[in-house]
Amino acid sequence: MTLQWIEAPGAPVTAVIEGVRTVEEAGAWVREHHAELRDVLGEHGALYLRGLPIGSAADFAAVRDALFAARAKYQEKATPRSDFGDDVFSSTDLPPAQSIRMHNENSYTLTFPGLLLFCCLTAPEQGGATPVADVRKVLAELPAELVERFRTHGWALTRNYAEHISLDWRTAFATDSRADVERYCTDNRIGWEWGEDDTLRTRQLRAALIRHPRTGDEVWFNHVAFWSEWALDPDIRDVLVGEFGQEGLPFNTALGDGTALTAEEVAVLDAAYRRATVRQLWQPGDLLLVDNILAAHGRDPFRGDRKIVVAMGEPVDVADCNPAVPVDEAALAH
């Protein structure tokens, strides 16, 4: 039976499911409707499923396994997460008052999750939506001249791993071995530099635009705005620059040719995301399925308890996405 999809202004496309009473039935329902779900996902980039009986991380994992053909790893970690086991994590453990900017998960890695699945186990009293934005629409909203610069040069990311300003390198790379970090960086075309006090600085060049391997759509796929210095609170940015210098910021982005981004250019990127963003308040049991190449996601501030779990699946190699800057060129020497 074809699902009835609700399309409301400002909200993701949603299906309300009735008559599914157990987790086993939920898994069977997902398998039965798998083809339609993927077709709708390709059209909209993200979709909500409401009404499935999911009450725990274990329930969520069972439905995830019915939906994903394979699991994907979380690499080069950027934010703290709780691990609930069986490759189920909290969405992000950051203070409730803090919003999380729009981004495509792991856009800076050479292999990234093709699909993301979120689930609400506890809905907050206020706020806390997981907004999504179709990055085909984001791309269409951007000035042609700015897009062409990124299409030609890609984007550069600099990260500083230090205990007091960001994640430390042991947490980010899930190892205590410097040799393991250097091996990973070499394999993934990342330049690295060890500093004093057990710090690490990395640099990498990536394509800012890629094409979806299934739909062929060109998309704006990067962390350019997310990790720009202009994404920092102005007062915090001033303190960090004063203490550590421009090169010591926890993160920063630029055009791939090294050209710095202005605050005005980052504001243009932010505005394009806002115009493409839709959201829906969580209810317990809700699922949000996101095509990580077609849609960016974020988090709204919230009040009250909030428990959103996430799983990543169906890994994609950027080389299979016709990157505007070829992978062989997307390297920075150590």
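I will try to describe carefully the structure that is included in this document. (Residues numbered from 1 in each chain as written. Predicted model: local features only at pLDDT ≥ 70, side-chain atom pairs only at ≥ 80, totals over all residues. Heavy atoms only, no water.)

Concerning the overall build of the protein
A count of helices and strands for the protein gives nine helices and 20 strands. Its C-alpha atoms give the protein a radius of gyration of 20 Å, near enough to 20 Å, the size a compact globule of 334 residues would have. Within the protein, buried positions represent 54% of all 334 residues. Considering only contacts within the protein whose residues lie at least 6 apart along the sequence, 81% involve residues at least 24 apart. With an accessible surface of roughly 14800 Å², the protein has 49% of that area assigned to carbon and sulfur atoms. Charge centroids of the protein, computed over 32 positive and 52 negative side chains, lie 1 Å from each other. (Helix = DSSP H or I, 4+ residues; strand = E, 2+ residues; numbered from the N terminus. Rg over C-alpha atoms; globule rule 2.2 N^0.38 Å. Buried < 20%, exposed > 50% of the residue type's maximum accessible area, 1.4 Å probe, protein only. Contact = heavy atoms within 4.5 Å. Areas by Shrake-Rupley, 256 points an atom, 1.4 Å probe, with all protein chains shown as cover. Lys, Arg positive; Asp, Glu negative; His and termini not counted. Charge placed at Lys NZ, Arg CZ, Asp CG, Glu CD.)

Section: the sheet that holds strand β9 (residues 132-134)
The strand order across the open sheet formed by four strands is β6-β18-β9-β16, and the pairing between neighbours is antiparallel. This sheet does not close on itself; its edge strands, each paired only once, are β6 (100-103) and β16 (277-278). Where β6 meets strand β18 (residues 295-299), two bridges bridge the pair, whose relative direction is antiparallel. Counterpart to isoleucine 100 in the pairing with β18 is arginine 299. (Pairing = 2+ DSSP bridges.)

Quick word on helix α8 (residues 234-244)
You can read the cap of α8 off the contacts: a side-chain oxygen lies 3.0 Å from the backbone nitrogen of aspartate 235, and it is on aspartate 233. Glycine 245 lies just past α8 and shows a positive phi near 85°. (Polar contact = N/O pair within 3.5 Å; in protein donor to acceptor, adjacent residues only side chain to side chain.)

Re the sheet that holds strand β2 (residues 13-16)
An order of β1-β2-β3-β17-β7-β20-β5-β4 is seen for the eight strands of this open sheet, with the pairing classed as mixed. Whereas interior strands pair on both sides, the edge strands pair on one side only; in this sheet they are β1 (5-6) and β4 (83-85). As defined by bridge partners, strand β7 (residues 111-122) adjoins strand β20 (residues 307-317) across 10 bridges and the pair is classed as antiparallel. Looking at β20, one finds that leucine 117 is bridged to alanine 311. The sheet strands contacting helix α2 (residues 34-44) are β1, β2, β3 (46-50), β7, β17 (287-291) and β20, and the helix crosses β3 at an angle near 135°. Packing against the sheet, helix α3 (residues 57-67) makes contact with β4, β5 (88-90), β7, β17 and β20, and its axis sits at approximately 145° to β7. (Axes fitted to C-alpha atoms, helices over the stretch in contact; angles between N-to-C directions.)

Digging into α2
An α-helix turns once per 3.6 residues; consequently, residues spaced three or four apart project the same way. Regarding α2, the residues found buried are Glu36, Leu37, Arg38, Val40, Leu41 and Gly42. Backbone geometry just after α2 places glycine 45 at a positive phi near 85°.

With respect to the pattern of salt bridges
According to the stated counting rule, one finds 27 salt bridges in the structure shown. When the shortest N-O distance is used, the salt bridge between arginine 71 and aspartate 87 registers 2.9 Å. You can see arginine 71 sitting in the loop between α3 and β4 and its partner aspartate 87 sitting in the loop between β4 and β5, a full 16 residues away along the chain. Given the relative accessible area of 36%, aspartate 87 is considered partly exposed. When the shortest N-O distance is used, the salt bridge between arginine 279 and aspartate 300 registers 2.8 Å. Highlighted residues: arginine 279 in the loop between β16 and β17 and aspartate 300 in the loop between β18 and β19 (302-303), separated in sequence by 21 residues. Each of Arg64, Asp65, Arg71, Asp86 and Asp87 takes part in salt bridges that share partners, so that together they form one network. (Salt bridge = Lys/Arg side-chain N within 4 Å of Asp/Glu carboxyl O.)

Side note on the packing of aromatic side chains
Applying the stated rule across the entire model yields nine aromatic pairs. Consider the rings of tyrosine 48 and tryptophan 282, whose centres lie 5.2 Å apart with planes at 55°: the pair is tilted. Within this pair, whereas tyrosine 48 is found in strand β3, its partner tryptophan 282 is found in the loop between β16 and β17, the two being separated by 234 residues in sequence. Take tyrosine 48 and tryptophan 282: they sit in the same class, and that class is buried. The rings of Tyr108, Phe226, Trp227 and Phe251 are connected pair by pair, giving a single aromatic cluster. Between the NZ or CZ atom of arginine 178 and the centre of the ring of tryptophan 194, over which it lies, the distance is 4.3 Å. A cation over a ring is seen here: arginine 306 above phenylalanine 302, with NZ or CZ 5.3 Å from the ring centre. (Phe/Tyr/Trp six-rings, centres within 6.5 Å; stacked < 30°, edge-to-face > 60°. Lys NZ or Arg CZ within 6 Å of the ring centre and 35° of its normal.)

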